[in-house]
Amino acid sequence: MQSLLTLIPLPALMAGGVALLAAILLVATQRWHGRLSMDGTDGVQKFHTHPTPRVGGIAIVAGLLVGYALARPSRQSLLGPLLLSGAPAFVFGIVEDLTKRVSVRARLLATMACGVLGWAITGLSITEANLLGLDWLLEFTVVSVAFTAFAAGGVANAINIIDGFNGLSAGTVTIILTSFGFMAAALGDPDLAYTSLIVAGAVLGFALVNWPLGKIFLGDGGAYFVGFALAWLAVLLLARHPEVSAWAPMLVCGYPILEVFFSIARRRRRGTSPGDADRLHLHSLVNRRVVRVLLPHASSLVRNSATGAIMWGAALVPALIAVHWSTYTPALALGFTVCVLLYAAVYARLTQFRWFFSAATLQLKAS
């Protein structure tokens, strides 16, 4: 495997630099656009103490456009379709950031449409899931495209769900993108590795303004767009390297995916809509039950950023397993099972104060 340092190309550095500059400019000019772009402090899932711009997705896209312009043609052929097909997710998300009037369903459908658009542009979709029965169904184009759209919408929604603390989503996305880069490099695919790092560079540029000071937020435009980018890079990895198990990209995205499924299960158990907000996500519990104990006298900002950094570990564990056994389905399935059990055990400990899971965990009310 090539050294990570040799994988950092100029387009990735420039994408990061432009994203950083754009994020700084958005913060510096917030008095002009703040009436539309500010995220207030009222809400179930609000942990910041001052109104903050939530249009960080603009900075990331600006960085990616520069990274695309500077990339080699072989990498532009990968990054270009990603940018084009991801446009609906970004547009619907940024309109929500500015108007607060786009429904969750509309944003989710827009992101799923990105998966269909990606297939229309490239002809690529998920054709294998390493699951008996499903693999046969994926041989049919309509099923394959629908499954790709579902996966794209699911991952994008997962990133939006974990976008709750400074650095949490940006750090998680960076870990995932770096993992894709490592896997592609190990498979002798520098074009896909560089493409992953260009996207990571843009996200890191934004992250420097988002963490630890929380001067700008990712917003729905940024969360849905980078979530789709992760899903599409997974599609590219599987399409270009059939030897890679479909469980590998799923496990790389394991933490946000588990958060989505666990949230749906919890809300259904409590008789609420899967789309309803609450303060029972794992990162919310870590903030209240761990960070407040470890840092009892720290400011809200310090606790906020510390929570984001602690949760990077939840993203790192499944990613390491996936990178190490990217072509071995049994090990990946076992690793996914271990991560599910570990997530449940930690969640049970933070809610019921015991290291085992029971149905009562899903019925808890925010406190």
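Residues numbered from 1 in each chain as written. Predicted model: local features only at pLDDT ≥ 70, side-chain atom pairs only at ≥ 80, totals over all residues. Heavy atoms only, no water.

(A) Just the overall build of the chain, in detail. Scanning the chain for helices and strands turns up 16 helices and two strands. Scaling as 2.2 N^0.38, a compact globule of 367 residues should have a C-alpha radius of gyration of about 21 Å, and the chain matches this with 19 Å. Buried residues in the chain amount to 52% of all 367 residues. Put simply, of all contacts in the chain between residues at least 6 apart along the chain, 73% involve residues at least 24 apart. If you sum the accessible surface of the chain, you get close to 15900 Å²; carbon and sulfur atoms cover 68% of it. Here the chain contributes 25 positively and 15 negatively charged side chains, and the mean placements of these two sets differ by 13 Å. (Helix = DSSP H or I, 4+ residues; strand = E, 2+ residues; numbered from the N terminus. Rg over C-alpha atoms; globule rule 2.2 N^0.38 Å. Buried < 20%, exposed > 50% of the residue type's maximum accessible area, 1.4 Å probe, protein only. Contact = heavy atoms within 4.5 Å. Areas by Shrake-Rupley, 256 points an atom, 1.4 Å probe, with all protein chains shown as cover. Lys, Arg positive; Asp, Glu negative; His and termini not counted. Charge placed at Lys NZ, Arg CZ, Asp CG, Glu CD.)

(B) Region of interest: the packing of aromatic side chains. Taken as a whole and assessed by the stated rule, the structure comprises eight aromatic pairs. Here W247 and F336 contribute two aromatic rings whose centre-to-centre distance is 6.0 Å and whose plane-to-plane angle is 80°, an arrangement assigned as edge-to-face. Taken as a pair, W247 in helix α12 (residues 247–252) and F336 in helix α16 (residues 329–352) lie far apart in primary sequence, 89 residues in all. As far as burial versus exposure is concerned, W247 and F336 are alike and both buried. One aromatic cluster is present, built from ring pairs that chain together F262, Y343 and Y347. (Phe/Tyr/Trp six-rings, centres within 6.5 Å; stacked < 30°, edge-to-face > 60°.)

(C) Structural context of helix α5 (residues 87–99). Between the first and last C-alpha of α5 there are 18 Å, a value that for 13 residues agrees with the 18 Å anticipated at 1.5 Å per step. For α5, the complete set of buried residues consists of A89, F90, G93, I94, E96 and D97. Projected onto a plane normal to the axis of α5, the buried residues spread over an arc of 155° and lie on a single side. Residues of α5 that are buried in the fold lie against α2 (30–37), α3 (56–70), α6 (104–122) and α11 (219–240). A positive phi of about 60° marks K100, the residue just after α5. (Expected span 1.5 Å × (residues − 1). Arc of directions from axis to C-beta.)

(D) Just the side chain of S85, in detail. Examined against the element boundaries, S85 turns out to sit in helix α4 (residues 73–85). Under the relative-accessibility criterion, S85 is labelled buried at 0%. Within the local environment of S85, its side chain forms a polar contact with the backbone oxygen of P81, the two atoms lying 2.5 Å apart. Each residue touching S85, except ones within four places of it in the same chain, is listed here: C114, L117, G118, I121 and F228. (Polar contact = N/O pair within 3.5 Å; in protein donor to acceptor, adjacent residues only side chain to side chain.)

(E) Layout of unusual backbone geometry. Residue P212 is reached from W211 by a cis peptide bond, and omega for that bond is 10°. Relative to the helices and strands, P212 is located in the loop between α10 (190–210) and α11. Residue N130 is not a glycine yet carries a positive backbone phi of 55°. Residue N130 is classed as partly exposed on the basis of its relative accessible area, which comes to 24%.

(F) Expanded view of α16. Taking 1.5 Å of rise per residue, 24 residues should cover 34 Å, and α16 covers 34 Å from first to last C-alpha, within 8% of that figure. Of the residues one or two after α16, F353 is the one with positive phi, at around 60°.

(G) Summary view of the layout of surface pockets. Taken as a whole, the second largest pocket holds about 330 Å³ of empty space. L282, A314, L342, Y343 and V346 are, among the 19 residues lining the second largest pocket, the residues nearest its centre. Of all the elements in the fold, those that place two or more residues in the lining of the second largest pocket are α13 (254–269), α14 (282–294), α15 (300–324) and α16. Considering only residue class, the lining of the second largest pocket consists of 16 nonpolar, two polar and one charged. (1 Å grid on protein atoms, 1.4 Å probe; cavity = no way out; pocket = protein on both sides within 12 Å on 5 of 7 lines; lining within 4 Å. Points joined across faces, edges and corners; volume = space filled by probe spheres on them. Nonpolar A, V, L, I, M, F, W, Y, C, P; charged D, E, K, R; others polar.)

(H) Region of interest: the pattern of salt bridges. Applying the stated criterion to the full structure yields five salt bridges. Two residues, D97 and R54, come together in a salt bridge whose shortest N-O distance is 2.9 Å. Within this pair, whereas D97 is found in helix α5, its partner R54 is found in the loop between β2 (52–53) and α3, the two being separated by 43 residues in sequence. Accessibility assignment for this pair places D97 and R54 in one class, buried. (Salt bridge = Lys/Arg side-chain N within 4 Å of Asp/Glu carboxyl O.)

These figures come from the coordinates and say nothing about function on their own.
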